[in-house]
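Residue-level structural notes
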Amino acid sequence: MGLLSEGNPLSWEETKKLANHVREHGINQFINLYHRLKDRQGDILKWGDEVEYIIVKFDDDQKVARVALKAKDLLAKLNEKELADPKGVKSLWRPEYGAYMIEGTPGKPFGGLMAHFNLVEANMRYRREEVTELLASDECVMSITNFPRLGAPNFTYPLYQPRPEDPLSAARSLYFPDEAIFPGHPRFKTLTRNIRMRRGEKVSIKLKVFKDVNTKLPVEGAPPGEPDVVLLDAMGFGMGCCCLQLTFQACNITEARRLYDQLAPLCPIMLALTAASPVYRGYLTESDCRWNVISSSVDCRTLEERGLEPLTNSKFHIAKSRYDSIDSYLSPEGAKYNDVKLTYDEEVYKRLIEGGIDHLLAQHVAHLFIRDTVSLFSEKVHQNDKEDTDHFENIQSTNWQTMRFKPPPPNSSIGWRVEFRPCEAQISDFENAAIVCFVVLLTRVILSYQLNFLTPISKVDENMQTAQKRDACRKEKFWFRKSSKSTEQRAACVQLNGTSSATNGSSSSDEAGNAEPPLYNGAAKLNGHGIGLNGNGNVNANGTHTQNGADSDHTDTDDEENELFQLLTINEIFNGKPGVFPGLVPLIRSYLQSMEVDTDTHCTIEQYLRFIQKRAAGELITTATWIREQVLSHPDYKKDSVVSERINYDLLKCIQRIQEGKHVEPALLGQGNHSKTKDFIPPALQKQLAKTGCCEDK
C-alpha cells in the first residue's frame, strides 16, 4: 500500500498546514536523488509479484461466510520468520488496508534466468500454505479481488456495525465499520479520515446495478434521482479490494522510462483479461472490475477541483482521482502521444527544470505534486533533503496509478524500477502465476524486439473504461497500435536465427545441466551483445538495443500516423489479427524460440501461454464472468440482483475447493492445469546465480 512511516499521525488540520512544506522538500529530495542516481547503469533484471489475500471465516451450520478481522495477529506470526532470518525466508508479509487482508511477496526477487519462471507458482503455493497453517479449520485465505458482500449487513467476524454519526469514526460510513480497517498501523485510518476531510464530504462510489427481471428499484441506499445505483461510501470499498501487482528492475533510468511507457497501453488490456469483481455490497453490478471503485474510494478532490464550483480556495481543476490511469508518457518517443492536457504545478515544474530535470520527467513529477499529502507523521516533518526521501515518497506513494515509476531508494542496491498495477487477483496460484510470467516475458519481448505499443493517452483512458464493462474480455474492442513491417521483420529474423547469444554455445540449462545466461534487456547477455535484426543487434551503453548504430524501436515509417490505431478485440490483441497485429502470445513464443529453456520451465510457460490464449479467445471465461454465472444459476437466486448470504457462502466454498485443487472448473480453467513448477532452481544453475546476483536481496 506504499510508504508505511512509523510515528504519530498528525490531524488533518495540522497536515493541511504542512502541505507546502512537504511539497517543497519532496521536490528537493527528488532532485537530489535524481542527480545521485541518474547515471546508474548495469542493473540486472529482477522482478517480483505482490498478491493480496482476504481471510474468510465460514459458518457451516448457518451457511454464512464473513471476512475474518485477524490480519494483525496473523502478520505478527508470519513476520516471525523474517525477523529471525531476513535473508533466508521464502516469503515476506505486509499489512494492507483491510483488517481482513494481507499482502505476500517472494522472500527475494526473481532474477534473469529463464528457470525463475518455474519458481513463481510454487512460491505462491508456499505463501498460501504458510497462511493456511495459521488459520482455524473454518477459515480460508483467498486471492479474490473483492469479498462479494463487503459492506452488506454483518459481513465481518467478529460482528461490528458502522457508526456514521460518530465524530470519532474515520470513515463515517453507512456500511463499512472502522473495525474492518487494519488496526496495526495508523496510516490506514489516518488516510481514511483525511481523504474524507480534504474532500469535504464522504467519498461517493457509484455503480450501476445489473438489472434483472425482479430487481427492486431504487436500490437500497441509492442517491436521489439515481435509483439504479449501488452506492458505496467509504475508502474500504476500494482499498479493501485485492490485486496482483508486479515490479521490474531496469538496467538504467532510460530503460525504466521506456518500460513505463510501453506497458501503460497494456494496462487496460490486462485489466479486462483479469476481470474478477462483479459484485459489490451484495449486488450484481454492470462492472466487472475494481478499478473505478478504488479510484472513487480515495478521491480527495474538493468540489472546486472536480469542476463543480468555481476555483476560489483550490488551485487546480483536476480531471482524475489520485488513483487512476497514468496521464503522461516519460520517454522521448512517447511525448507526441501525450494528447491530454496535463495539469501540473508550474512552480514545482520550474523548480525541477532549474534543478536539471528534463521536461517529460519534470512535468510528470509536477503533476504528481498537484496533490496534497493526506498522511503525515510528526516524527517525519523535518528531514535531511540530501539523504531522506520520505516527503517525496509521501506524495509519490499516494498517487496510485496504473503504472508507477520508482526511483532507487537512498543508500540501497536497488535500481530504477517500474510497477505494473492494473491486474485483478485470480482465484488460483496457477492463474496468478500465469499472469505474472506473461507480463514479465512481455517486458523482455518489448525490449528485445524493440516493440512499440505507444497509444495516445486519450485512447488509453478510453480503454480503461471499456475494460471494466460487463464481459469486456469477450464483447468489447480496444484501441491498439498496429504492428509495423519492421516489427514483424525483427521478430521473424530472431525466430529464423533461433539462437540467442550464449557463452560457449550454450544458452540454457538443458537436461545435461548446462547453465543458461541471465536475461539482459530481454536477451541473453554476452559481452554486451544481445538479440537483434539478423542476430547481431548490440546493446549500447544505455542498455538499449541498436542496429547499425541506430535505435530502431520506433521507426514505423511504413505506417501512416492516422492509421496506426485500430479497435481490436482482446482475442485479436493476444492471439493476433492477420495484417494488423501478430498477437502478444505469438510474439512471446517467437522470443522463446531464441531462448533455449530447460524442459520443465518450458512446459510450465507453455501451460501459462495456452491458458492466456484460451481466456483471450473466450474459450475460458474471466473470473468475473464465472462469478456472475455462479450467482445467476444458484437455486436461491431470485433474479433480483441480490447476492444473498447463502449464495455468497456457496460461491466462496466453491472457490475454496478450486484453489485447493479439489474441484476442476472447466469454464474457468479448462480440464485442469498442471505445470511443472518447482521450489528450487536446478543445481546446475546455482553457480550462475552466484555470478549474476539474480537473487540478491531487494
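Residues numbered from 1 in each chain as written. Predicted model: local features only at pLDDT ≥ 70, side-chain atom pairs only at ≥ 80, totals over all residues. Heavy atoms only, no water.

It is worth spelling out the overall build of the protein at this point. A tally of regular secondary structure across the protein gives 23 helices and 21 strands. The buried share of the protein, reckoned over its 698 residues, is 63%. In the protein, 77% of the contacts between residues at least 6 apart in sequence involve partners at least 24 apart. With the model as given, the accessible surface of the protein reaches about 26000 Å², and the carbon-plus-sulfur share is 49%. (Helix = DSSP H or I, 4+ residues; strand = E, 2+ residues; numbered from the N terminus. Buried < 20%, exposed > 50% of the residue type's maximum accessible area, 1.4 Å probe, protein only. Contact = heavy atoms within 4.5 Å. Areas by Shrake-Rupley, 256 points an atom, 1.4 Å probe, with all protein chains shown as cover.)

Counted according to the given criterion, the structure contains 43 salt bridges. Where Asp 679 meets Lys 90, a salt bridge forms, and the shortest distance between an N and an O atom there is 3.9 Å. Of this pair, Asp 679 sits in the loop between helix H22 (666-669) and helix H23 (686-692) while Lys 90 sits in the loop between helix H3 (71-84) and strand S3 (91-95); the two residues are 589 residues apart in sequence, bridging distant segments of the chain. Among the residues examined, Lys 90 registers a relative accessible area of 33% and is labelled partly exposed. Glu 660 is paired through a salt bridge with Lys 662; the nearest N and O atoms lie 3.3 Å apart. In this structure Glu 660 comes out as partly exposed when scored by relative accessible area, which is 39%. (Salt bridge = Lys/Arg side-chain N within 4 Å of Asp/Glu carboxyl O.)

Now for the nonpolar core. Within the largest apolar cluster, 198 residues are counted, with the highest numbers of intra-cluster contacts made by Phe 176, Leu 352, Phe 420, Phe 438, Phe 574, Leu 584 and Trp 626. Apart from the residues lying within four places of it in its own chain, the contact partners of Trp 626 are Ile 427, Ile 621, Leu 651, Cys 654, Ile 655, Ile 658, Glu 665 and Leu 668. (Core = buried A, V, L, I, M, F, W, Y, C linked by side-chain atoms within 4.5 Å.)

Of the voids in this model, the second largest pocket is the one considered here, and its volume is about 700 Å³. Taken together, 28 residues make up the lining of the second largest pocket; nearest its centre are Arg 23, Arg 198, Asn 313, Lys 315 and Asp 372. Those elements giving two or more residues to the lining of the second largest pocket turn out to be helix H1 (12-17), helix H2 (19-37), helix H5 (187-199) and helix H10 (346-354). With six residues, the top contributor of residues to the lining of the second largest pocket is H2. Considering only residue class, the lining of the second largest pocket consists of eight nonpolar, six polar and 14 charged. (1 Å grid on protein atoms, 1.4 Å probe; cavity = no way out; pocket = protein on both sides within 12 Å on 5 of 7 lines; lining within 4 Å. Points joined across faces, edges and corners; volume = space filled by probe spheres on them. Nonpolar A, V, L, I, M, F, W, Y, C, P; charged D, E, K, R; others polar.)

Moving on to the packing of aromatic side chains. The tally for this structure, following the rule as stated, stands at 25 aromatic pairs. Between Phe 58 and Tyr 649, the ring centres sit 5.8 Å apart and the planes meet at 85°, which makes this aromatic pair edge-to-face. Placement of Phe 58 in strand S1 (residues 46-59) and of Tyr 649 in helix H21 (residues 645-659) is noted, with a sequence separation of 591 residues between them. Relative to Tyr 591, the ring of Tyr 449 has its centre 6.5 Å away and its plane inclined at 80°; by these criteria the two rings are edge-to-face. Of this pair, Tyr 449 sits in helix H13 (residues 429-449) while Tyr 591 sits in helix H18 (residues 584-593), and the two are 142 residues apart along the sequence. (Phe/Tyr/Trp six-rings, centres within 6.5 Å; stacked < 30°, edge-to-face > 60°.)

Before going further, it helps to spend a moment on helix H4 (residues 120-132). Between its first and last C-alpha, H4 extends 19 Å over 13 residues, near the 18 Å set by a 1.5 Å rise per residue. With ten of its 13 residues buried, H4 lies for the most part within the structure. (Expected span 1.5 Å × (residues − 1).)

In an α-helix, one full turn covers 3.6 residues, which means residues spaced three or four apart are oriented alike. Of all eleven residues making up helix H7 (residues 253-263), ten are buried, and the element is well covered by its neighbours. Restricting attention to buried positions, one finds in H7 the residues Ile 253, Glu 255, Ala 256, Arg 257, Arg 258, Leu 259, Tyr 260, Asp 261, Gln 262 and Leu 263. For H7, the N-terminal cap is Asn 252; the gap from its side-chain oxygen to the backbone nitrogen of Thr 254 is 3.2 Å. (Polar contact = N/O pair within 3.5 Å; in protein donor to acceptor, adjacent residues only side chain to side chain.)

So, on to the packing of H3 against H4. Look at H3 against H4: their axes get within 10 Å of each other, and the N-to-C directions meet at 125°. Classified by the angle their axes make, H3 and H4 are oblique. Here H3 runs over H4; the crossing is right-handed. Across the interface between the two elements, Leu 74, Leu 78 and Lys 81 of H3 pack against Tyr 126, Glu 130 and Val 131 of H4. Split into classes, the residues belonging to the contact of H3 with H4 amount to four nonpolar, no polar and two charged. (Axes fitted to C-alpha atoms, helices over the stretch in contact; angles between N-to-C directions. Parallel < 35°, antiparallel > 145°, perpendicular 65-115°, else oblique. Left-handed = near helix turned anticlockwise from the far one by under 90°.)

Turning to its location among the elements, Lys 320 is positioned in the loop between helix H9 (291-297) and strand S12 (323-324). Setting aside residues no more than four positions away along its own chain, Lys 320 makes contact with Arg 301, Ser 325, Ile 326, Asp 327, Arg 371 and Asp 461.

Put simply, the protein has an average pLDDT of 89, and 86% of its residues get 70 or more. Residue range residues 498-559 is modelled with pLDDT below 50. Its contacts to residues more than four positions away, or to other chains, number 165 contacts. (pLDDT = per-residue confidence, 0-100.)

Counting buried positions along S3 yields four of five residues, so the element is predominantly enclosed. Pairing of S3 with strand S4 (residues 101-106) involves five bridges; the strand directions are antiparallel. Paired with Leu 92 across the strands is Thr 105, a residue of S4. Following S3, the chain reverses through five residues before pairing antiparallel with S4. (Pairing = 2+ DSSP bridges.)

With that out of the way, let us pick up the side chain of Asp 345. Within the secondary structure layout, Asp 345 lies in the loop between S12 and H10. From its side chain, Asp 345 meets the backbone nitrogen of Glu 347 in a polar contact 3.0 Å long. Residue contacts for Asp 345: discarding those within four places in its chain leaves Arg 23, Lys 315, Phe 316, Ala 366 and Ile 370.

Our next topic: unusual backbone geometry. Outside of glycine, negative phi angles account for most residues, and trans bonds account for most peptide bonds. Going from Tyr 157 to Pro 158, the amide bond is cis rather than trans, its omega being -5°. Here Pro 158 shows up in the loop between strand S6 (156-157) and H5. Going from Leu 217 to Pro 218, the amide bond is cis rather than trans, its omega being 0°. With respect to the helices, strands and loops of the structure, Pro 218 is situated in the loop between strand S7 (205-208) and strand S8 (229-232). In this structure, Asn 154 takes a positive phi of about 60° despite not being glycine. Here Asn 154 lies in the loop between strand S5 (139-142) and S6.

Here the focus is the packing of H18 against helix H19 (residues 599-617). It is at 10 Å that the axes of H18 and H19 come closest, and there the two elements cross at 165°. Relative to H19, the element H18 lies roughly antiparallel. In terms of crossing hand, the pair formed by H18 and H19 is left-handed. Across the interface between the two elements, Val 585, Ile 588, Arg 589 and Leu 592 from H18 touch Ile 605, Glu 606, Leu 609, Arg 610, Ile 612 and Gln 613 from H19. Its residues assigned to classes, the contact of H18 with H19 shows six nonpolar, one polar and three charged.

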